[in-house]
Amino acid sequence: MPPEEPGASGLLDEVSGAERALAEAAARDRPDADGEAFFDAVIAADQKIEPRDAMPEAYRKTLVRQIAQHAHSEIIGMQPEGNWISRAPSLERKAILLSKVQDEAGHGLYLYAAAETLGVDRKDMYAQLLSGRQKYSSIFNYPTLTWADVGAIGWLVDGAAIVNQVPLCRCSYGPYARAMIRVCKEESFHQRQGFQSLYVLARGTTKQREMAQDAVNRYWYPSLAMFGPPDSDSTHSEQSMEWKIKRYTNDELRQRFVDMTVQQAGVLGLDLPDPDLAWNEERGHYDFTQPDYGELFDVIKGNGPCNRKRMEHRRRAAEDGEWVAQAAREYARKQAERTAVSV
Ligand code: FAQ
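Residues numbered from 1 in each chain as written. Predicted model: local features only at pLDDT ≥ 70, side-chain atom pairs only at ≥ 80, totals over all residues. Heavy atoms only, no water.

**So, the overall build of the protein**
The condition that has to hold: By the criteria applied, helices consist of DSSP H or I runs no shorter than four residues and strands consist of E runs no shorter than two, each listed in order from the N terminus. Computation of the radius of gyration draws on C-alpha atoms, with the globule rule given as 2.2 Å multiplied by the number of residues to the power 0.38. Whether two residues are in contact is decided by their heavy atoms, any of which lying within 4.5 Å being enough.
Scanning the protein from terminus to terminus reveals 14 helices and 2 strands. For 343 residues, the compact-globule estimate of 2.2 N^0.38 gives 20 Å, and the protein sits close to it at 21 Å. On the principal axes, the C-alpha backbone points of the protein span a range of 70 × 55 × 40 Å. Taking all contacts inside the protein whose residues are at least 6 apart in sequence as the whole, residues at least 24 apart take part in 77%.

**A look at the packing of aromatic side chains**
For the record, the criterion: Note on aromatic contacts: the rings of Phe and Tyr and the six-membered ring of Trp form a pair at centre separations within 6.5 Å, being stacked when their planes are under 30 degrees apart, edge-to-face when over 60 apart, and tilted otherwise. Relative accessibility under 20% of the residue-type maximum defines a buried residue, over 50% an exposed one, and the middle range a partly exposed one, all with a 1.4 Å probe and only protein chains included. Any Lys NZ or Arg CZ that is within 6 Å of a ring centre and within 35 degrees of that ring's normal is treated as a charge sitting over the ring.
Using the criterion set out here, one finds 7 aromatic pairs in the structure. Here the aromatic rings of Trp279 and Tyr286 are separated by 5.0 Å at their centres, their planes lie at 75 degrees, and the arrangement is edge-to-face. With a relative accessible area of 18%, Tyr286 lands in the buried category. By the ring-pair criterion, three or more aromatic residues cluster together here, those being Phe39, Tyr59 and Trp243. Directly above the aromatic system of Trp84 lies the positively charged group of Arg87, at a separation of 4.0 Å from the ring centroid. The lysine or arginine in question, Arg203, covers the ring of Tyr199, its NZ or CZ lying 3.8 Å from the ring centre.

**Considering the site of the ligand**
As a reminder of what qualifies: Neighbouring residues are identified by heavy atoms, a residue being near a molecule or strand if any of them is within 4 Å of it. As used in this structure description, the phrase polar contact means that two N or O atoms lie within 3.5 Å; if the pair is within protein, one of them must be able to donate a hydrogen and the other to accept it, and residues adjacent in sequence are counted only when both atoms belong to side chains. Only the protein chains shown count as cover for residues, with accessible areas throughout obtained via the Shrake-Rupley method and a probe of 1.4 Å. The nonpolar class holds Ala, Val, Leu, Ile, Met, Phe, Trp, Tyr, Cys and Pro. Asp, Glu, Lys and Arg form the charged class, and all remaining residues, Gly among them, are polar.
Of all residues adjacent to the ligand, which total 35 residues, the nearest are Ser138, Ser234, His236, Lys246 and Asn250. Between the ligand and Gln69 there is a distance of 3.1 Å, counted from an oxygen atom to a side-chain nitrogen or oxygen. Taking Met226, its main chain carries an N or O atom lying 3.3 Å from a nitrogen atom of the ligand. Isolated, the ligand exposes 1100 Å² of accessible area, and the fraction of that covered by the protein chains is 90%. Of all the secondary structure elements, the ones that give two or more residues to the shell around the ligand are helix 3 (57–76), helix 5 (91–116), helix 7 (148–165), helix 8 (174–202) and helix 12 (293–303). Examining the composition of the shell around the ligand, we find that 6 residues originate from one element, helix 3, more than from any other. Of the residues in the shell around the ligand, the class split is 12 nonpolar, 15 polar and 8 charged.

**Digging into the environment of Glu322**
Among the secondary structure elements, Glu322 is positioned in helix 14 (residues 322–342). According to the relative accessible area criterion, Glu322 is partly exposed, its value standing at 34%. At 2.8 Å, the side chain of Glu322 and the side chain of Arg329 are in polar contact.

**Some thoughts on the pattern of salt bridges**
Under the convention used in this document: Salt bridges, as used here, are contacts in which a Lys or Arg side-chain nitrogen is within 4 Å of a carboxyl oxygen on Asp or Glu.
Taken as a whole and assessed by the stated rule, the structure comprises 14 salt bridges. A salt bridge links Glu81 to Lys100; the nearest nitrogen and oxygen atoms lie 2.8 Å apart. Here Glu81, found in helix 4 (residues 78–82), pairs with Lys100, found in helix 5; they are 19 residues apart in sequence, far enough to count as distant. Accessibility assignment for this pair places Glu81 and Lys100 in one class, buried. Across the pair Glu337 and Arg333 runs a salt bridge whose closest N-O atoms are separated by 2.6 Å. A residue pair is termed a helical-turn pair when its members lie 3 or 4 positions apart in one helix, as Glu337 and Arg333 do in helix 14 at 4 residues. Sharing partners across several salt bridges, the network here consists of Glu81, Lys100, Glu104 and Asp158.

Here you go:
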């Protein structure tokens, strides 16, 4: 067994703490005011806005944008790893990967459900993804060239996702915060399986070790870019932090991820592909080379290595699955009819 990697257990503590805090907040008295004053009081008291509460339209729109984009990321994120299910090197690895990819579908489901509490329809969000009007995370537009990429995604991509999403368990919007608690617990498990898979490869044959290093080399900078543009170019951070949707800025979270990951790379015995990575005593953080943000914006615009492939696959899946959706809709209609008759 690989030794415990540093950092992850502390993050999980924060998740359990968030769960307690949510239960306590729900039990507390809510501010006795209507409309804007109510919203401001709830945010100031660090409590939760719930679906039927008054909220500014811009707050609602920001949440729909972020949650929909997050949900789309989870389901598009099934593709790069799904690519390896049929070629996993053992039955055990295949079963693990299958479960992980199913978990991502489940995360999509919780998140679409959370977005629906804001008065939007899942069907419409999905249509906006397919038409390109709503986006998904840049990271899933990179290819998975070897088996080691599956480990690198688990370790780095799920690792970055946890760092970004643990603070979202304390997001001011109740349904999103609650969905994130379960998602984070599962992502933590995913991160550990990726770490363990790379740990085994790093101690395997020379070829396996090289494959693991190559995967880390290719996934390092795209993982750093997942946190979004630098704070100076982030259009939404300031307002989202005022509303307590975001708790930390993009750069703060990126730094936290680097600090945590450098130590883990040491345990794995793999190098991070940054010659300027160095501990800065004065800052109490690692200095590191920033990702290429020009590349990030290019990928967001649809020009990454796999954007077209990912969207074509999704569109084909929607067309091929239309008969199932139709059958489900018809079944739901009949059930509703029967319930109406028996009432
Ligand atoms: N990719 O002003 P900001 C996962 C856009 S799930 C694409 O800083 P914000 C699990 C941003 O939307 C990964 N677009 O924006 C998994 C905005 O554009 P817009 C997804 C990006 O919202 C693992 C513009 O740039 N996680 O990994 C990206 O305050 C393994 C300006 O940016 C989430 O969605 C990007 N990387 O902060 C699944 C977490 N970065 O909308 C399968 C929730 C920025 O105005 C396998 N989301 N943009 O046109 C968030 O925390 C935030 O939305 C950020 C961006 C931090 C992503």
